[in-house]
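Residue strings, one per chain:
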Amino acid sequence: MRYFDRRQVLGLTGAVAALPLPSWEWRGRPPLPVVESGQARAAVLAAPGAEAAADELVAYVERATGVLLPRTPAPGGGQTLILIGSPGPDPAVPGLLAALDRDGFLIRPYQGTIAVVGPSATGTANGVRGFLERYLGVRWLLPGPDGDDVPARTTVRVPSSPVREEPSFTQRSLSPLRDQRFPLQRQWAERNRLQGVGTEPIAFHHNLHNLFPVDRYGQSHPEYYPNGRPPRAGVLTGWQPAFSVPGTIDAAVTGILEYFAANPAATSFSLGVNDGEGYAEPDPVPAYYAWVNQVVERVLAHHPDKWFGLLAYRKLETPPAFALNGRVVPFLTKDRFAWVDAAEQAAGHALTDRWLAVSRRLGFYDYLYGAPYLLPRVYPHRYAETLRYAHRKGVVAHYAEIYPNWGEGPKPWVTAKLLWNANAKVDTLLREWYERAVGPAAAGDLAAYYRIWERFWTEEVPRASWFQPGATYQSFNLPQYLELVQEAELLRSRALLDAAVAKAATPAQSARAKLLRRSFEFYEASALSYPKQVAAPADQAGATALLRGGVDTFQRRLDLAAHRLRLIKDFAADPVLVLPWNPASIVNLNWTGWNPAEYWSLVDYLRRHEPAGGPLTDLARDLAANHPTGGGRGYADLILRGVGVPSRVANPSFESGAADAESWRLLPRSNGTRAVARVTGDAATGTAVLRVSGRGWGGPSQVIDVDPGLARLTAVYRAPAGTSASVQLALDLLDAAGTMIPGSSVRSPVIPLRGTGAWTPLLLDTEIPDKARDVPVDKVELVFLVDSAGDVTVDFDDVALYTIPKGQL
């Protein structure tokens with residue numbers, strides 16, 4: 001049975017058939033008093049190892065009632081004894097514990113005692129939190145003191161009916177709340193019954209670099225690495241061991257046995273592949289999963305009770321054609337927000353079924369971000385449906401990268417509640433969170449605010465080109481979803497939050513409402529300062545309106561963009577508002593308030609329609625001389641200066657000979673069979689094109705000296721009918737030595753290629769920053785990143801890159 005399997009995952013054996021007390025044995029019994037009329041009527045006793053849980057119970061009872069429960073019984077008895085971590089006198093408890101999930105708990109009133117106990121220390125701690133929620137009404141809504149909702153009361157009584165709870169998912173973790181980087185947030189997660197490092201039963205993260213350290217095997221066994229070339233020391237990503245080389249099985253088994261010898265209490269070992277790709281095998285699925293089975297079988301001969309997690313990630317998302325060892329738990333990676341798309345949900349369900357056919361146990365790995373998204377990314381009804389489905393199918397574990405942006409309000413709390421009880425009603429949870437967070441009078445306003453953004457993500461975003469339903473995760477590092485934001489949505493959101501602040505009744509409710517409104521300031525500033533795409537003006541009237549509007553709003557946009565960056569810095573010092581994944585660390589999520597699309601559209605209009613001057617030129621000159629703001633004058637002047645800026649691309653139409661390192665080359669980190677070549681024939685201009693062929697990821701590139709500032713990249717491509725591929729335009733940011741600055745590439749959204757056989761334009765308007773990761777930007781590598789699972793042929797022609805420094809305005 002699945003229940004039995006779940007207990008097996010947690011190492012619980014020897015199930016005992018024990019039933020709770022029949023209802024007739026406790027019905028009619030009076031509740032046991034804990035506090036009555038402001039007086040202690042109970043004492044709290046802790047078993048060894050349960051002292052912290054007992055301290056937490058005593059502290060919250062005192063916060064709620066003002067009464068400090070004693071830790072020793074009063075002479076003469078007459079008190080209720082609350083036994084933390086002990087089965088107490090109830091003879092049924094040991095059998096019940098043996099049949100319970102490790103994180104589950106019992107609350108058992110019996111002969112004047114209340115046992116609050118689980119099969120583990122974590123289960124007992126969960127029992128204390130269940131006691132506080134159930135009998136005192138405590139809720140941990142947000143991290144920190146203001147996030148606790150502790151209703152005041154003078155009396156606490158515990159009904160005589162026993163309680164038994166265990167989670168829907170044996171593994172429940174949200175990153176980075178699982179570790180100690182953000183202590184208040186880790187504490188919040190534990191109180192909401194989530195697991196962390198040290199309490200998760202199955203290890204599964206990227207880990208093969210630990211089994212194949214270069215300093216151990218790089219010289220003695222280079223064949224263990226792709227193409228016989230070990231990575232540089234310290235490089236942990238972008239490569240995998242050669243699974244088809246038999247010696248890697250021996251090395252892995254040796255490393256795992258050494259690990260268990262040094263960590264005998266460990267219950268599992270991760271066989272998760274390294275992040276990135278770098279496989280030695282063209283199709284790694286059969287080789288990797290066969291390797292896993294052989295490694296696990298040999299380790300189990302020494303440690304038959306151990307478990308092995310792994311990541312069914314990217315190229316490994318497809319299950320093998322054979323069964324996995326029963327002690328292996330694959331975690332299927334997917335941003336299941338994409339299941340708002342019905343076809344993608346159906347494909348995801350079908351893939352889950354295929355995995356269940358070869359694996360006895362599955363975990364779901366999700367991407368629930370949170371930061372670094374720039375709006376509240378909330379879709380509670382969609383995700384509740386996903387978790388109900390997972391529980392129904394027997395998925396035993398759930399892990400998600402959430403990087404919470406606590407301006408998303410109920411999202412982390414509701415997620416935690418659904419991971420404990422997948423069948424809980426999401427609307428009931430949401431209503432409770434709103435009412436407890438800001439009070440009943442303000443709850444409706446807060447609910448309406450989050451409905452705006454739930455509708456945005458579930459109805460508007462899936463229709464946008466930014467949305468990539470088939471991707472493992474959405475492009476969190478690209479902000480083009482902000483194109484969809486309407487100013488009316490922002491105005492309505494602010495009005496609702498202002499109303500919630502005004503209606504909050506208590507100091508704690510007011511503090512929470514103000515925190516949510518403060519977080520909204522960041523969303524608002526991001527959306528209003530974001531440089532949206534601008535349609536090229538079709539005529540003089542359109543160009544005039546664009547020029548006047550751009551100049552008049554220029555300074556406001558700069559101010560909003562600067563305010564946005566200040567908020568990120570301010571939030572970094574706040575233990576709750578801190579963005580665990582800083583958007584400012586991602587180059588595509590940084591902007592200054594300039595709108596490159598607007599700027600280059602005006603420059604292009606002047607080039608095309610007024611090369612020798614004209615009405616728009618005259619207006620720009622007038623604004624450059626007489627606009628009332630210095631920023632407006634400078635902006636108009638820069639538009640005029642942009643007309644004469646030349647393209648910086650060498651050999652833009654590929655007419656000068658073979659592609660080579662002097663101009664165009666294949667991006668060195670391209671993978672698969674991707675290739676580029678100059679081909680003569682039917683071109684958009686001249687007689688040659690640059691042809692991209694093969695399968696994989698990557699494409700042609702050229703290193704170009706640039707001045708940081710505003711940039712426009714243009715090109716045309718041609719793909720034959722039936723092409724299944726995408727392209728992303730990229731400007732990798734390089735230092736003075738021509739080395740790429742890590743994690744610094746300015747990119748367009750992923751663009752599906754249209755297989756029409758006709759020349760189709762490509763465009764990227766962007767900013768090249770002065771610095772990336774505090775390193776001055778001196779050059780860029782212009783790249784066409786073509787991505788295809790199969791062989792394709794795509795031609796490129798007429799490439800241009802214009803750049804102009806912004807100067808000091």
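Within any chain, residue numbers begin from 1 and follow the written order of that chain's sequence. It should be noted that, the model being predicted, local features are given only for residues of pLDDT at least 70 and side-chain atom pairs only at 80 or more, the latter also being counted only at that level, while totals for whole chains, interfaces and linings use all residues. Hydrogens and waters are ignored; side-chain quantities use all the structure's heavy atoms.

1. Description of the overall build of the protein chain
Thinking step 1. Scanning the protein chain for helices and strands turns up 21 helices and 28 strands.
Thinking step 2. Both definitions apply: the radius of gyration is a C-alpha atom measure, and the globule rule equals 2.2 Å times residues to the power 0.38. Computed over its C-alpha atoms, the radius of gyration of the protein chain comes to 31 Å, within 12% of the 28 Å expected for a compact globule of 809 residues.
Thinking step 3. Its C-alpha atoms give the protein chain principal-axis dimensions of about 105 × 70 × 40 Å.
Thinking step 4. Within the protein chain, buried positions represent 56% of all 809 residues.
Thinking step 5. In what follows, residue pairs with any heavy atoms lying within 4.5 Å of each other are defined as contacts. A separation threshold of at least 6 residues defines the contact pool for the protein chain, and within that pool the share at least 24 residues apart is 77%.
Thinking step 6. Surface exposure of the protein chain reaches about 31600 Å², of which carbon and sulfur atoms provide 53%.
Thinking step 7. Averaged over its 82 positive side-chain charges, the protein chain has a centre that lies 6 Å from the centre of its 81 negative ones. Each helix corresponds to a stretch of at least 4 residues labelled H or I by DSSP, and each strand to a stretch of at least 2 residues labelled E; elements are numbered beginning at the N terminus. Here the term buried applies to any residue with accessible area under 20% of the maximum for its type, exposed to any over 50%, and partly exposed to those in between, with areas from a 1.4 Å probe on protein chains only. Values of accessible area rely on a 1.4 Å probe in the Shrake-Rupley scheme; residue burial ignores everything except the protein chains shown. Only four residue types enter the charge count, namely Lys and Arg as positive and Asp and Glu as negative; His and the chain termini do not. Charge positions are represented by NZ for Lys, CZ for Arg, CG for Asp and CD for Glu.

2. As for the pattern of salt bridges
Thinking step 1. Each reported salt bridge corresponds to a side-chain nitrogen of Lys or Arg within 4 Å of a carboxyl oxygen of Asp or Glu. Scanning all chains against the criterion turns up 53 salt bridges.
Thinking step 2. Among the salt bridges present, the one from aspartate 335 reaches arginine 377, with a minimum N-O distance of 2.6 Å. Taken together, the residues aspartate 335 in the loop between strand S14 (328–333) and helix H11 (342–356) and arginine 377 in the loop between strand S15 (363–367) and helix H12 (380–393) connect sequence positions 42 residues apart.
Thinking step 3. Overall, arginine 377 belongs to the buried group, its relative accessible area being 0%.
Thinking step 4. Among the ionic contacts, a cluster of salt bridges with common partners joins Glu133, Arg134, Glu165, Arg193 and Lys417.

3. Focus on the sheet that holds S15
Thinking step 1. One open sheet accounts for six strands, arranged S11-S16-S15-S14-S13-S12; its pairing is parallel. Two strands close off the open sheet at either side, each with one partner strand: strand S11 (171–175) and strand S12 (268–270). Strand after strand, the sheet turns through a mean of 20 degrees between neighbouring axes, direction not considered.
Thinking step 2. One ladder, built from three bridges, connects S12 with strand S13 (residues 307–312); its direction is parallel. By the bridge assignment for S13, serine 270 is matched with glycine 309. Strands are labelled as partners when DSSP assigns at least two bridges between them. Here the axes come from fitting lines to C-alpha atoms, over the contacting stretch only for helices, and the angles between their N-to-C directions go from 0 to 180 degrees.

4. Here's the deal with the pairing of strand S1 (residues 32–36)
Thinking step 1. Summarising burial for S1: four of the five residues are buried, a large majority.
Thinking step 2. As paired elements, S1 and strand S9 (residues 156–158) share three bridges and run antiparallel to each other. Paired with leucine 32 across the bridge in S9 is valine 158.
Thinking step 3. Linking S1 back to strand S2 (residues 39–40) in an antiparallel pair, the connection comprises two residues, with serine 37 at a positive phi of about 50 degrees.

5. Focus: the packing of helix H18 (residues 540–572) against helix H20 (residues 615–626)
Thinking step 1. Close contact between H18 and H20 brings their axes to 10 Å; oriented N to C, the two are set at 15 degrees. The orientation of H18 relative to H20 falls into the category roughly parallel. The chirality of how H18 crosses H20 is right-handed. Residues Gln540, Ala543, Thr544, Leu547, Arg548 and Val551 of H18 form the contact with H20, whose participating residues are Pro615, Leu616, Leu619, Ala620 and Leu623.
Thinking step 2. Looking at the contact of H18 with H20 residue by residue, the class counts come to eight nonpolar, two polar and one charged. In this scheme, roughly parallel covers angles under 35 degrees and roughly antiparallel covers those over 145, while 65 to 115 is roughly perpendicular and the rest are oblique. Crossing handedness is read from the near helix: turned anticlockwise from the far helix by less than a right angle, it gives a left-handed crossing, and turned clockwise, a right-handed one. Each residue is assigned to one of three groups, with Ala, Val, Leu, Ile, Met, Phe, Trp, Tyr, Cys and Pro labelled nonpolar, Asp, Glu, Lys and Arg labelled charged, and all others, Gly among them, labelled polar.

6. Some thoughts on the environment of alanine 543
Thinking step 1. With respect to the element layout, alanine 543 can be found in helix H18.
Thinking step 2. Between the C-alpha atoms of alanine 543 and leucine 606, which are 63 residues apart in sequence, the distance is 9.2 Å.
Thinking step 3. Apart from the residues within four sequence positions on either side, alanine 543 is in contact with Pro537, Leu602, Tyr605 and Leu616.

7. Observations regarding the environment of leucine 753
Thinking step 1. Counting through the fold element by element, leucine 753 comes out in the loop between strand S24 (751–752) and strand S25 (760–768).
Thinking step 2. Put simply, leucine 753 and glycine 614 are 139 residues apart on the chain and 38 Å apart in space, counted from C-alpha to C-alpha.
Thinking step 3. In this structure leucine 753 touches Tyr717, Thr723, Ala725, Ser726, Val727 and Val794, once residues within four positions along its chain are discounted.

8. Digging into the confidence of the model for the protein chain
Close inspection of predicted coordinates is inappropriate for parts of the model with low pLDDT.
Thinking step 1. Per-residue confidence from the predictor is reported as pLDDT, which spans 0 to 100. Of the residues in the protein chain, 96% have a pLDDT of 70 or more, and the chain-wide mean is 94.
Thinking step 2. For the stretch residues 1–24, pLDDT sits under 50, and the model shows 45 contacts to residues farther than four places along the chain or on other chains.

9. As for the pairing of S11
Thinking step 1. With five of its five residues buried, S11 lies for the most part within the structure.
Thinking step 2. Burial of the side chains of S11 extends over both faces: Gln171, Ser173 and Ser175 are buried on one face and Arg172 and Leu174 on the other.
Thinking step 3. When S11 meets strand S16 (residues 397–401), the two strands line up parallel, connected through five bridges. Across the sheet, residue leucine 174 finds its bridge partner in S16, namely alanine 400.

10. Regarding the packing of helix H9 (residues 247–262) against helix H10 (residues 284–300)
Thinking step 1. It is the contact of H9 with H10, at a shortest axis distance of 9 Å, that shows an interaxial angle of 45 degrees. Here H10 runs oblique to H9, going by the angle between their axes. Handedness of the H9/H10 crossing: right-handed. Listed contacts from H10 to Thr248, Ile249, Asp250, Ala252, Val253, Ile256, Leu257 and Phe260 of H9 are Trp291, Gln294, Val295, Arg298 and Val299.
Thinking step 2. Across the contact of H9 with H10, the residue classes break down as nine nonpolar, two polar and two charged.

11. Some details on the nonpolar core
Thinking step 1. The biggest cluster of nonpolar side chains holds 170 residues, and the ones touching the most others in it are Ile82, Phe131, Leu271, Tyr288 and Trp291.
Thinking step 2. A total of 11 residues in this core trace back to one element, the largest contributor, which is helix H15 (residues 440–460).
Thinking step 3. Residues contacting tyrosine 288, with those up to four places away along its chain left out, are Leu208, Phe243, Leu271, Gly272, Val273, Leu310 and Leu316.
Thinking step 4. Judged by nonpolar contacts, the second largest core, of 36 residues, contains Phe654, Val706, Ala711 and Leu713. Working definition of a nonpolar core: buried Ala, Val, Leu, Ile, Met, Phe, Trp, Tyr and Cys residues. They are joined through side-chain atoms within 4.5 Å.

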